[in-house]
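# Inside the fold
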Amino acid sequence: GHGALAALQLHRDIRKACVSALILMRNKGAVPPLRLLQSFFQLMAVVPDKNLRESLYHHIVNDIRNINKNGKKDEKLNRTIQSFFHRIVAASANESTAGAEDSPTDYAAKRAVQMICDLYRRNVWNDERSVHILATAAASPNASVASRALRFFLNIEEAMALDKQNSETNEWEGIDNINLHLHSKKTKGKQRLIEKQIRNRKKKQNAREHGIIANREDKGVEASKKLFPAIELLHDPQGLVETILKRVKSSGSNTYKFEVKMLMLNFVTRVVGNHELILLPLYPLLQRYMGGHQRDVTAILAYSVQSCHQYVPPEEIYGILKTIAHNFITERCSEEQMAVGINAVRSICARVPSVLSTEEDETDGDGREISSSWDVEAFTRDLAGYAKHKDRSISIAGRGWVNFIREVHPSLLQGKDRGLVGAGLHKAGERPLRYGEVRAALGVEGADLLAAYEASKKRKEKGGKKNSVGSDSEGDDDSESGWVEMNDGEEGGDDESESGWVEMNDEEDESDEEAPDLVLLGDDEEGKEEEDVDGEKGDTVDYSKLSKKERAKMQQEVSSTRIFTASEFAKMHKLVARQQQARRDPRLAAKLKRAIAKGEEFDDISDSDSDDSDDEDIHIKGAVNTTDIMADAKRKRMSKAEKLEKIIEGRVKFENKERAGGSTNTEKKRKKNFAMSKFSFDARKKIGEKTTAKMGRKQERSKLDGGGRDAKKRRRKF
């Protein structure tokens, strides 16, 4: 303290020379870092010389960077310096009052916050202690200290990503620019240097391309981890946002500027959304700022969206939705306001789908309906009507709302608005989860489908085996004795087939544990075989006749009694994907229903995994396969056998009509009587096109003939 006051008495140049000498001594290691840091901070808080303050600031940042250079971190020294910074910030938070002028302590706290932000951005201090210091600064009553910390939390990820991108771009530009010495004397030394630079560029280019391809798939959590998200490292997010929200609510109009209040609301809503906190006083406060002529009202709507998550009670969201509907989605508002309001409502409902639960969905344990003052169906259909609005931006927003409701709760829409996907999901009973409801997994998803698939496959195998045995036994003389010879159906069989024995291949050995060579056709065995084929006993189950509860029980039982292989997981994934697709497509669902009635439900599922598509493969996060970067448009050249197979398959498809139902609309249009379609719009349009083309050709001919003048006439020469 005394040194800083004494420094004020010195001349500016002498003061600068003393500081330069101390910095030189510190760089040589003659002065301990903490003692010099404390002196410089005291000096920075009181000295009016701006150039000296900047010099002190840059020295402190570079000194801390040098302490932690090349991965050698002095944790004890770092902890001591961070404790010193925390004491400065905490002193400013305790001493200052909202709306008052900045004191020297506040200025020191601002500089400390700025240093920590800079060091965090440079990946020097990106730990929890630094975030805790900045959280203390964010809760400070001083507006300048708090706003610096809040801007750090809100923008640090983008700033770090931009820094990384700029450094990579600059590095690549430096390597890419090679002086080829095209206009200078060619020497062997210059040629070696050029070749070395070209090799280096090629190596860096390959590494750069591999990095771009790897980052293309590496999104979400992994990408955010690399950016060190500061909001995720907060120690007590609930207490911090409650403190800041209380300050926003209690402060008057002159305490904080409007920009600072917006910054606080942005931070509070971001933390609530990231950490999924319950902060009920926040939502009525946001409604106060949702006036139609409110300043920066689009930002307020964005903050409202980012404050919503699945654990927010729907009763808190109803008020926000009603306020948006009354202030934005009305004909008295401009087109842009209406489009923004519809998009905001869609985004809020996407984050809190429980607000779309209707009274039919919301019943308590005794089966009684819970009354609600919110008419979801009328609200949904009212917004769906804007899909046909004359203004393009409103109609786009309305169509986005309709498409969202089709996916989440299609029963709220009218039948004409549901579309193909919505109709399928409506028939399947799709609805959002109620507040607090959780769909717990009862086993491995698709385990019941796998059991049904295996049962169907086994039933077909046994049915085919029984039929073949029955047909052989009718024409056999030895059938009276109860034994039948297993022959291969050929007249001129080998010695083994004539003797009544047949070789069993490996596939049959794997499918059955003990494959008998001779089959006894007694009454008991025949009865057991019939029971197994009919599906009344044994391991074959008619999946189509099971209820939802029985199916869930079957899934749990199969998951707890089996260990699945990788191929079985792939098969389950395929079966579940087909079931989900059938839920969304009524035509596919009807086709599947017909296949179940015929017993051909799993005929289109192949047994081998060799013909699975690339989408079915297991993708390891971060690993890139060559198929992921291949072009989609260019097809692989087929072999001669594959070409022939495709030709034959096409002939069969042409001869046997696979599509169920009548002719398509295109076929009907083609076969329509000409007199009926003679004066249609399409025919008139076609005639117009022909006339225009004819005129164009006429003009082209006239140009070729000489631009419309007589070709025989020659121009006068002057």
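A short tour of the structure in this document, coming up.

Calculation notes
- Residues numbered from 1 in each chain as written.
- Predicted model: local features only at pLDDT ≥ 70, side-chain atom pairs only at ≥ 80, totals over all residues.
- Heavy atoms only, no water.
- Helix = DSSP H or I, 4+ residues; strand = E, 2+ residues; numbered from the N terminus.
- Contact = heavy atoms within 4.5 Å.
- Axes fitted to C-alpha atoms, helices over the stretch in contact; angles between N-to-C directions.
- Parallel < 35°, antiparallel > 145°, perpendicular 65-115°, else oblique.
- Left-handed = near helix turned anticlockwise from the far one by under 90°.
- Nonpolar A, V, L, I, M, F, W, Y, C, P; charged D, E, K, R; others polar.
- Disulfide = S-S within 2.5 Å.
- Patch = residues over 30% accessible without salt bridge, like charges linked within 9 Å, V, L, I, M, F, W, Y side chains within 5 Å.
- Areas by Shrake-Rupley, 256 points an atom, 1.4 Å probe, with all protein chains shown as cover.
- Salt bridge = Lys/Arg side-chain N within 4 Å of Asp/Glu carboxyl O.
- Lys, Arg positive; Asp, Glu negative; His and termini not counted.
- Charge placed at Lys NZ, Arg CZ, Asp CG, Glu CD.
- Buried < 20%, exposed > 50% of the residue type's maximum accessible area, 1.4 Å probe, protein only.
- Phe/Tyr/Trp six-rings, centres within 6.5 Å; stacked < 30°, edge-to-face > 60°.
- 1 Å grid on protein atoms, 1.4 Å probe; cavity = no way out; pocket = protein on both sides within 12 Å on 5 of 7 lines; lining within 4 Å.
- Points joined across faces, edges and corners; volume = space filled by probe spheres on them.
- Core = buried A, V, L, I, M, F, W, Y, C linked by side-chain atoms within 4.5 Å.
- Expected span 1.5 Å × (residues − 1).

## Digging into the overall build of the protein
When you go through the protein residue by residue, the secondary structure sums to 30 helices and 0 strands. Summarising the internal contacts of the protein: among those between residues at least 6 apart in sequence, 68% fall at separations of at least 24.

## What to know about the packing of helix 3 (residues 33-46) against helix 5 (residues 75-95)
Where helix 3 meets helix 5, the closest approach of the two axes is 11 Å, and the angle between their N-to-C directions is 20°. Overall, the two elements helix 3 and helix 5 adopt an arrangement that is roughly parallel. When the axes of helix 3 and helix 5 are compared, the crossing they make is right-handed. The segment helix 3 lies against helix 5, with Pro-33, Leu-34, Leu-37, Gln-38 and Phe-41 engaging Leu-77, Thr-80, Ile-81, Phe-84, Phe-85, Arg-87 and Ile-88. Grouping the constituent residues of the contact of helix 3 with helix 5 by class yields 9 nonpolar, 2 polar and 1 charged.

## Brief notes about the state of the cysteines
As enumerated under the stated definition, the model contains 0 disulfides in all. Here Cys-308 is not disulfide-linked; the sulfur of Cys-349 is the nearest cysteine sulfur, at 9.0 Å.

## Considering a positive patch on the surface
On the surface, a cluster of positive charge is contributed by Lys-694, Arg-697, Lys-698 and Arg-701. If you trace the backbone, Lys-694 turns up in helix 30 (residues 681-704). On the accessibility criterion, Lys-694 (55% relative accessible area) is exposed.

## As for the packing of aromatic side chains
This model, assessed by the stated rule, comprises 10 aromatic pairs. Ring plane angle 85° and centroid distance 6.3 Å describe the contact between Phe-379 and Trp-401, whose orientation is recorded as edge-to-face. Here Phe-379, found in helix 17 (residues 376-384), pairs with Trp-401, found in helix 18 (residues 392-408); they are 22 residues apart in sequence, far enough to count as distant. Judged by relative accessible area, Trp-401 falls into the buried class, the value being 0%. Ring centres of Phe-564 and Phe-569 lie 5.6 Å apart, and the angle between their planes is 65°; this geometry places the pair in the edge-to-face category. One aromatic cluster is present, formed by Phe-41, Phe-84, Phe-85 and Trp-125 through successive ring pairs.

## Remarks on the layout of surface pockets
What the second largest pocket holds in volume is close to 1800 Å³. If you go around the second largest pocket, you meet 40 residues; those closest to its centre are Ala-428, Lys-548, Arg-551, Gln-579 and Arg-583. Of all elements in the fold, only helix 19 (415-427), helix 20 (447-474), helix 24 (548-561), helix 25 (566-584) and helix 26 (586-598) reach the threshold of two or more residues within the lining of the second largest pocket. By residue number, the principal contributor to the lining of the second largest pocket is helix 25, which donates 7 residues. The class makeup of the residues in the lining of the second largest pocket is 18 nonpolar, 9 polar and 13 charged.

## Things to note about the nonpolar core
Within the largest apolar cluster, 120 residues are counted, with the highest numbers of intra-cluster contacts made by Phe-41, Phe-85, Phe-153, Ile-324, Leu-356 and Trp-401. If we ignore the near neighbours within four places in the chain, the residues touching Ile-324 are Met-290, Leu-301, Ile-329, Gly-341, Ala-344, Val-345 and Ile-348. In terms of nonpolar packing, the next biggest core, distinct from the first, is built from 15 residues, Leu-449, Leu-450, Leu-575 and Phe-602 among them.

## What to know about helix 25
With 19 residues, helix 25 extends 27 Å between its outermost C-alpha atoms, agreeing within 8% with the 27 Å of an ideal straight helix rising 1.5 Å per residue. Buried within helix 25 we find Glu-568, Ala-570, Lys-571, Met-572, Lys-574, Leu-575, Val-576, Arg-578 and Ala-582.

## Some remarks on empty space enclosed by the protein
Here the idea is plain: a probe the size of a water molecule rolls over the atoms and shows the empty space left. Using the criterion set out here, one finds 2 cavities of 30 Å³ or more in the structure. Put simply, the largest cavity is a space of about 70 Å³. For the largest cavity, the full set of lining residues is Pro-33, Leu-36, Leu-37, Phe-40, His-59, Ile-60, Asp-63, Ile-64, Ile-67 and Ile-81. Breaking the lining of the largest cavity down by element, the ones donating at least two residues are helix 3 and helix 4 (50-67).

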